[in-house]
Amino acid sequence: ESFRKAMQHMHLLYAHECTLTFSIETLPPEHLWERLMRASEDLVPIWDVDRKNVVAKPLKDMMQNRTPFRQRGWCIAEVEWSLLRMVSAQFQQIEEGDIAEDGLNGR
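A brief look at the structure comes next. Numbering of residues begins from 1 in every chain and follows the order in which that chain's sequence is written. Residue-level local features of this predicted model are given only where pLDDT is at least 70; pairs of side-chain atoms are given and counted only at 80 or more, and the full residue set underlies all totals for whole chains, interfaces and linings. The basis for the side-chain values is all heavy atoms of the structure; hydrogens and waters are excluded.

1. A short note on the overall build of the protein
Here is step 1 of the chain: By the criteria applied, helices consist of DSSP H or I runs no shorter than four residues and strands consist of E runs no shorter than two, each listed in order from the N terminus. Within the protein, the regular secondary structure consists of 4 helices and 6 strands.
Here is step 2 of the chain: Shown N-terminal to C-terminal, the secondary structure of the protein runs as helices and strands in the order α-α-β-α-β-β-α-β-β-β.
Here is step 3 of the chain: Buried positions account for 21% of the 107 residues belonging to the protein.
Here is step 4 of the chain: Taking all contacts inside the protein whose residues are at least 6 apart in sequence as the whole, residues at least 24 apart take part in 51%.
Here is step 5 of the chain: Residue exposure ignores everything except the shown protein chains as possible cover, and the areas themselves are Shrake-Rupley values with a 1.4 Å probe. Accessible surface, the protein as shown: approximately 8,300 Å² in total, 58% of it carbon and sulfur. Accessibility here uses a 1.4 Å probe with only protein chains present; expressed as a share of the type maximum, an area under 20% marks a residue as buried, one over 50% as exposed, and anything in between as partly exposed. Residues count as neighbours in contact if any of their non-hydrogen atoms are within 4.5 Å of one another.

2. Let's talk about a nonpolar patch on the surface
Here is step 1 of the chain: Exposure above 30% relative accessible area and no salt bridge define the residues that can form patches, which grow by joining like charges within 9 Å and nonpolar side chains of Val, Leu, Ile, Met, Phe, Trp and Tyr within 5 Å. When a carboxyl oxygen of Asp or Glu is within 4 Å of a side-chain nitrogen of Lys or Arg, the pair counts as a salt bridge. Taken together, F3, M7 and W74 make up a surface patch of nonpolar side chains, about 310 Å² in accessible area.
Here is step 2 of the chain: Structurally, W74 is set in helix α4 (residues 73-82).

3. Overview of the packing of aromatic side chains
Here is step 1 of the chain: Side-chain rings of Phe, Tyr and Trp (the six-membered ring for Trp) are treated as a pair once their centres are within 6.5 Å; stacked means planes under 30 degrees apart, edge-to-face means over 60, and tilted covers the remaining angles. Tallied over the entire structure, the rule returns 3 aromatic pairs.
Here is step 2 of the chain: A ring pair is formed by F3 and W47, whose centres lie 5.9 Å apart and whose planes are at 0°; its orientation type is stacked. Note that F3 is positioned in helix α1 (residues 2-8) and W47 in strand β2 (residues 43-48), a separation of 44 residues in sequence.
Here is step 3 of the chain: For F3, a relative accessible area of 52% puts it in the exposed group.
Here is step 4 of the chain: Take W47: its relative accessible area is 45%, and that puts it in the partly exposed class.

4. Examining α4
Here is step 1 of the chain: Turning to α4, its buried residues are C75, A77, E78, V79 and S82.
Here is step 2 of the chain: Against the buried residues of α4 lie α2 (10-15), β1 (21-24) and β4 (91-94).

5. Digging into the side chain of E78
Here is step 1 of the chain: Relative to the elements of secondary structure, E78 occurs in helix α4.
Here is step 2 of the chain: We score Asp and Glu as negative and Lys and Arg as positive, and we do not count His or the chain ends. Despite being buried, E78 has no salt bridge partner; R72 is the closest side chain of opposite charge, sitting 8.9 Å away.
Here is step 3 of the chain: In terms of polar contacts, E78 uses its side chain to reach the side chain of Y14, at 2.9 Å. N or O atoms within 3.5 Å of each other form a polar contact, as long as, within protein, one can give a hydrogen and the other can take it, and as long as residues adjacent in sequence are counted only when both atoms are side-chain atoms.

This is the structure we're talking about:
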């Protein structure tokens, strides 16, 4: 019940003046994706509908979605809500080239 209520007001989180949004729109490179699909020790926390709880599962047990970011409905909504703020700098798009070995490169 609380999850449903939170989802009904998610737009407030993205559009609020006291929040920042960091958007990573590039998909992992194919070679990295393939390596992660083979790894069973790396677990990803996801919502399990049957258990009604968050559980850790290997990436290979999940449905692959390689749809580009800007072609996904929910992702477009996140971007649009984030851009409603008065200060557009509170929405930062991070690209693959922005990530260094020791963290994010500043702009």
